[in-house]
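Breakdown of the fold
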Amino acid sequence: MKVSPNPDWFYNEFRQVGTDFTDPTVVAAYDRNQHFSTIEAKQALVEQLGITAGDTVIDLGCGTGTFAIQAALTGARVHAVDVSQPMLTYARQKAAAAGLSDRIRFHHQGFLTYNHNATPADFVITQAALHHLPDFWKIIAR
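Now for a quick tour of the structure. Since the structure is predicted, the reported quantities are computational estimates derived from the model, not experimental observations. (Residues numbered from 1 in each chain as written. Predicted model: local features only at pLDDT ≥ 70, side-chain atom pairs only at ≥ 80, totals over all residues. Heavy atoms only, no water.)

**Focus: the environment of V57**
Position of V57 among the secondary structure elements: in strand β1 (residues 56–60). For V57, a relative accessible area of 0% puts it in the buried group. Once the C-alpha coordinates of V57 and A76 are considered, the two residues, 19 residues apart in sequence, prove to be 6.9 Å apart. Leave out the neighbours within four places in its chain, and V57 touches I51, F67, A76, R77, V78, H79, F123 and I125. (Helix = DSSP H or I, 4+ residues; strand = E, 2+ residues; numbered from the N terminus. Buried < 20%, exposed > 50% of the residue type's maximum accessible area, 1.4 Å probe, protein only. Contact = heavy atoms within 4.5 Å.)

**Looking at the layout of surface pockets**
Left-over empty space is what a probe sized like a water molecule reveals as it rolls over the atoms. In this structure, the largest pocket encloses a volume near 590 Å³. Every residue lining the largest pocket is counted, 35 residues in all, and those nearest its centre are G61, G63, D82, A128 and A129. Those elements that provide at least two residues to the lining of the largest pocket are α1 (24–33), β1, α3 (66–73) and β2 (77–82). Counted by class, the lining of the largest pocket contains 15 nonpolar, 14 polar and six charged residues. (1 Å grid on protein atoms, 1.4 Å probe; cavity = no way out; pocket = protein on both sides within 12 Å on 5 of 7 lines; lining within 4 Å. Points joined across faces, edges and corners; volume = space filled by probe spheres on them. Nonpolar A, V, L, I, M, F, W, Y, C, P; charged D, E, K, R; others polar.)

**Looking at the nonpolar core**
I51, V57, F67, V78, I104 and F106 are the most contacted members of the largest nonpolar core, which has 20 residues in total. The set of elements that each furnish at least two residues to this core consists of α2 (39–49), α3, β2, α4 (85–97) and β3 (104–108). Counting residues per element, this core draws most heavily on α3, at five residues. Residues V81, F111, L112 and Y114 belong to the second largest nonpolar core, which totals eleven residues. (Core = buried A, V, L, I, M, F, W, Y, C linked by side-chain atoms within 4.5 Å.)

Set out below in structure tokens:
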């Protein structure tokens, strides 16, 4: 588990809520069962957003990396951020299989702890992840 540099009262976004994604087989099943998160749907979103080669994209709550991979396929530089190490491991394996290891940087951080220290982002996206934060912390994360 990632140790937060924040004070004790600060929300621990690394504490697993809901489905426990510490088991790689659960992560793989999650990826297979995300019918709304298909490659085609993520390709369409990348096109709709206008992400192209040379853009820098931050995918907060990247999960199994489907969107990050589709963005990287355009030639964009992608920062894939997630609090679940098994999710990141799975996403990293998918990126490697697609030949995109050099286009995607993976960060074991979250909405509250990610600090972008690279080329300014052209796009910051999050999908189906913000609900993991309590309401007050959603305001802080924005």
